[in-house]
Amino acid sequence: MGSHKTAMEYEDFISSIDSFEENYKEEINKNFYFGFPLTPVLTAEHNLLSGQAESIAYFSMEFGLAPSIYNSFQFKKPIGAKNQFDTHQVFSNDWLRDYLFKVHTDKMLDIPIYGGGLGVLAGDAIKSSADLGFPFAGIGILWNKGYFKQNFWYKHGQIPEELMWDPLTYPGLVALKRIVTIETKDGPLHLRLWKYYVYSYDKARVCPLILLDSNLPQNNDFFKKLTDQLYRSDDVRWKIYQRAILGIGGMKALEALGYAIDYYHLNEGHAAFAIVERYVKLEDKAEMEDYHNRFVYTCHTPVAAGHDRFNIDDVKGVLKDEYADASQLLGKETTDSEQINLTHMCLSFCNKVNAVAQKHGEIMRMQFPQFSSKIKAITNGVHTHTWVSESFAQLFDRYVDMFGDWRKLPENLAGVRQLKTNQEFRRNIFEAHQINKHNLIEILKPWQLREDILTIGWARRIAGYKRPALIFQNIQRILHLAYDIGPLQIILAGKAHPNDDIGSAHIEKILEHIDQLNNHKDFIKVLILENYDTYFGKLLTNSVDVWLNNPLPPFEASGTSGMKAILNGVLELTTLDGWVVEAKGDDLGWIFGYEHSGTDIGSEKVLRLDEDSEALYNTLEKVIKLYYETYKDGILDQRSLWIDKMIHCVERSAFFNTQRMMREYKEKMWS
Ligand SMILES: *Cc1c(COP(=O)(O)O)cnc(C)c1O
């Protein structure tokens, strides 16, 4: 009987897929789904449809899944050229090499539906949900042209280019027959649904990710382009439509698929229209009471520009009257306001809301005092399996007595503390790191980096408050450090939002600084890599010696790239902000610069570049000294404090992972 049931479900499953015979019959059969086992897919579908266990729908504008570095699907058809993205240019102070070479990476393009840390967190959250076996469905958007492709032009900075990729031949992505429709003031907006299954680390469980797509022949030309580009922000109508697709379209998708959902998790205010859709659809509005506990909201930024507000007339120009009316009812900050504020809508409607680190919780309570009693803080994490390097995974496996099944239980990594006095382990952890550093140097071979030179990494979104050019604030100081204390290699990467002129100006400035260092490349080498993505995110966070993190406190809500670094024994050189506040006493590296306290948040425009760069140089002097005391001329002092710090890093990564984070969500938010 059991097998009969499975067979039925398989038939249902296949018949839900659009053009199965033409597009997917090579890749999907009763046993396999793009080379992975199919059974977990049917089980996950069954669980979501039956509604037997408490289930969660997680809405996010972006998902950074990083399939090129983790759980890559097998594919019988050749991967189309559009889905490969294998060369990157470099801008360095060794410009002749930049001119002659490109970085070659033998990899497919990651599904380009994310812009930065928010999306990577959403990707890590869904992966950990699969690891933990939660009945959990992600809701996102299929961005037909991704975010953008980045080009550097000297004297111009960043030149964004349209990114082209092909969803139809992307491994693991399937188009469904199902279409959902949103009625709008411009007529019906049709949305295709796509599915992508996110597998657990052991491939025994999955969570589906549902992606909405407006690029359909039955839509008008304007509608077809709505799901082209993530965070296209030059047009208000466009922004409202994109948010309506995620919130309203997402709710309609869950209904069309027949998923029985208990909790709707809104990752950022972008998805707030999901609440509006629920309200409009209820015959008896009194039932809305029940949903205060069933919608939960995670806020990711203390920066004001990160919160969406729309003029009521603009919303009325897009949404049907009953939706626009409900949006006013739920989203006006005051009765006489002319704006709908999506952050306010989430904060006032949801009984449970959370900040993404303890410090961010404090800041959020200051920003929204009227909601302070319901603001919890659940600190972000990273997905251990995605971000751990092979050499560190092997190291952990070698000490199985200490780490046990750390894949299943990443908290076991805390056991590293007991190896602190083990001289063999101290040598091995440094050697595991050197393997990663060697790998980086191989990938960047033409630039002739060296394994015995202190290497500093900085990579993340280029945004003002993250202060990407802080280390170049005083070129004389950094030159002095490199010549008099010890040589340096600095590697940077990051994209600025295409409409963010200040961000682009930062890139221009960095390129100029790099150029100024042209005559000094024997003592300081600086490279900035084009098109930062999850591939480079993993490569850099596990291979440099020191991860530089210098946001202006208190504007970094959490930050996660440093968590990837500590998992791989890479030390932190950081200001005291976001997650770092919780690791202040743990000696993960060095903390410098301005510290926020008190009840005044301050301004993210007052960047304190002079004071904080001074503090950075003073601290860097100590970092360089300790590095060359630890490792010089190929000789390692394995008793060095440097190795203590590496061990502290791994120890704390036992906490800063998304498995712990998802468990906290389950306990504190979905109940
Ligand atoms: C981890 C990651 C981020 C987040 O970096 P932060 O330091 O938290 O800003 C951004 N982009 C990519 C590609 C990442 O992998």
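Cut-off values and rules
Residues numbered from 1 in each chain as written. Predicted model: local features only at pLDDT ≥ 70, side-chain atom pairs only at ≥ 80, totals over all residues. Heavy atoms only, no water. Helix = DSSP H or I, 4+ residues; strand = E, 2+ residues; numbered from the N terminus. Rg over C-alpha atoms; globule rule 2.2 N^0.38 Å. Contact = heavy atoms within 4.5 Å. Phe/Tyr/Trp six-rings, centres within 6.5 Å; stacked < 30°, edge-to-face > 60°. Buried < 20%, exposed > 50% of the residue type's maximum accessible area, 1.4 Å probe, protein only. Lys NZ or Arg CZ within 6 Å of the ring centre and 35° of its normal. Expected span 1.5 Å × (residues − 1). Polar contact = N/O pair within 3.5 Å; in protein donor to acceptor, adjacent residues only side chain to side chain. Pairing = 2+ DSSP bridges. Axes fitted to C-alpha atoms, helices over the stretch in contact; angles between N-to-C directions. Near = heavy atom within 4 Å. Areas by Shrake-Rupley, 256 points an atom, 1.4 Å probe, with all protein chains shown as cover. Nonpolar A, V, L, I, M, F, W, Y, C, P; charged D, E, K, R; others polar. Patch = residues over 30% accessible without salt bridge, like charges linked within 9 Å, V, L, I, M, F, W, Y side chains within 5 Å. Salt bridge = Lys/Arg side-chain N within 4 Å of Asp/Glu carboxyl O. Lys, Arg positive; Asp, Glu negative; His and termini not counted. Charge placed at Lys NZ, Arg CZ, Asp CG, Glu CD. Parallel < 35°, antiparallel > 145°, perpendicular 65-115°, else oblique. Left-handed = near helix turned anticlockwise from the far one by under 90°.

Participant: Explain the overall build of the protein to me, using residue names and the numbers behind them.
Facilitator: In terms of regular secondary structure, the protein is built from 23 helices and 26 strands. Rg of the C-alpha trace for the protein: 25 Å, near the compact-globule value of 26 Å for 671 residues, within the 12% margin. Summarising its shape, the C-alpha atoms of the protein cover approximately 75 × 60 × 50 Å along the three principal directions. Across the protein, every contact between residues at least 6 apart in sequence was considered, and the portion connecting residues at least 24 apart equals 75%.

Participant: Describe the packing of aromatic side chains, naming the residues involved and giving the relevant values.
Facilitator: The full count for this structure, using the stated rule, is 41 aromatic pairs. An angle of 75 degrees between the planes, with centres 5.0 Å apart, marks the rings of Y33 and F34 as edge-to-face. The class for Y33 is buried, based on a relative accessible area of 0%. Classification of F34 as buried rests on a relative accessible area of 1%. Ring geometry for Y33 against Y197: centres 5.3 Å apart, planes inclined by 85 degrees, an arrangement best described as edge-to-face. Taken together, the positions of Y33 in strand β1 (residues 32–33) and Y197 in strand β11 (residues 187–199) put the pair 164 residues apart, joining distant regions of the chain. Feature note: the residues F13, Y33, F34, F36, F73, F75, Y196, Y197 and Y199 constitute an aromatic cluster, connected by ring pairs. When the ring centre of W590 is taken as origin, the NZ or CZ atom of K645, which lies over that ring, is 4.5 Å away.

Participant: How would you summarise helix α16 (residues 423–443) if you had to cite specific residues and measurements?
Facilitator: In a regular helix each residue adds 1.5 Å, so 21 residues correspond to 30 Å; α16 covers 31 Å between its end C-alpha atoms and thus fits that length. At the N-terminal boundary of α16, the capping side chain belongs to N422, with an oxygen 3.0 Å from the backbone nitrogen of E424.

Participant: Talk me through the sheet that holds strand β21 (residues 524–529); I want residue IDs and the actual numbers.
Facilitator: Two orientations exist for strands paired in a sheet by backbone hydrogen bonds: parallel and antiparallel. Strand order in the open sheet formed by 7 strands is β5-β21-β20-β19-β22-β23-β24, and the pairing between neighbours is mixed. Strands with a single pairing partner mark the edges of an open sheet, and in this sheet they are β5 (90–92) and β24 (589–591). Neighbour to neighbour, the strand axes of the sheet diverge by 20 degrees on average, direction disregarded. Of the pairings in the sheet, the one linking strand β19 (residues 454–459) to strand β20 (residues 488–493) comprises 6 bridges and is parallel in character. Paired with G457 across the bridge in β20 is I491.

Participant: Just give me the short version of the site of the ligand, but keep the residues and values in it.
Facilitator: Surveying the vicinity of the ligand reveals 13 residues, the closest of which are R460, K466, T560, S561 and K564. Side-chain polar atom of R460 to an oxygen atom of the ligand: 3.0 Å apart, as the coordinates give it. In this structure, S561 approaches the ligand through a side-chain N or O atom, which is 2.5 Å from an oxygen atom. Against a free-state accessible area of 390 Å², the protein chains account for coverage of 96% of the ligand. Of all the secondary structure elements, the ones that give two or more residues to the shell around the ligand are α5 (117–132) and α20 (561–567). Split into classes, the residues belonging to the shell around the ligand amount to 3 nonpolar, 6 polar and 4 charged.

Participant: Quick one: what's the story with the environment of Y58, residue by residue and with numbers?
Facilitator: Structurally, the position occupied by Y58 is in strand β3 (residues 56–59). Separated by 196 residues in sequence, Y58 and L254 have C-alpha atoms that sit 11 Å apart.

Participant: Tell me what's going on with the side chain of R294, and back it up with residues and numbers.
Facilitator: Inspection of the secondary structure puts R294 in the loop between α8 (273–281) and β14 (295–298). R294 gets classed as buried once you look at its relative accessible area, which sits at 18%. Those residues in contact with R294, other than ones at most four positions away along the chain, are I261, D262, Y263 and Y264.

Participant: Can you tell me about the environment of L118, naming the residues and giving the values?
Facilitator: Turning to its location among the elements, L118 is positioned in helix α5. You can call L118 buried: its relative accessible area is 16%. Taking the C-alpha atoms as reference points, L118 and F75, 43 residues apart in sequence, are found 29 Å from one another. If we ignore the near neighbours within four places in the chain, the residues touching L118 are E62, Y231, N267, E268, H270 and H300.

Participant: I'd like a description of the pairing of strand β12 (residues 206–213), backed by residues and values.
Facilitator: Counting buried positions along β12 yields 8 of 8 residues, so the element is predominantly enclosed. Alignment of β11 against β12, held across 8 bridges, turns out to be antiparallel. Bridging across to β12, V198 finds its partner in C207. Connecting β11 to the next strand, β12, in antiparallel fashion are 6 residues, including K203 with a positive phi near 60 degrees.

Participant: Could you give an account of a negative patch on the surface, with specific residues and numbers?
Facilitator: A grouping of D313, D314, D336 and E338 is seen on the molecular surface, where their side chains present a negatively charged patch. Positionally, D314 belongs in helix α9 (residues 312–318).

Participant: I'd like a rundown of the pattern of salt bridges, residues and numbers included.
Facilitator: Inspection of the entire model under this criterion finds 34 salt bridges. In this structure, the salt-bridge partner of K224 is D221, at a minimum N-O distance of 3.7 Å. On the criterion of helical spacing, the pair formed by K224 and D221 is a turn pair, its members being 3 residues apart in helix α6 (residues 221–224). Residue classification places D221 among the exposed positions, given a relative accessible area of 54%. Residues R426 and D644 are paired through a salt bridge, measuring 2.7 Å at the closest nitrogen-oxygen approach. Remark: D644 occurs in helix α22 (residues 641–653) and R426 occurs in helix α16; sequence separation between them is 218 residues. Neither residue differs from the other here; R426 and D644 are each classed as buried. Through salt bridges with shared partners, one network takes in D94, R97 and K525.

Participant: Please give an account of the packing of helix α14 (residues 390–398) against α16 that cites residues and values.
Facilitator: In the contact formed by α14 and α16, the axes pass within 9 Å of each other and the chain directions differ by 160 degrees. Here α14 is positioned roughly antiparallel relative to α16, judged by the angle of their axes. The two elements α14 and α16 cross, and the hand of that crossing is right-handed. Packed against α14, whose contacting residues are S391, F392, L395 and R398, the element α16 presents F425, N428, I429, A432, H433, I435 and N436 at the interface. Here the contact of α14 with α16 is composed, by residue class, of 6 nonpolar, 4 polar and 1 charged.

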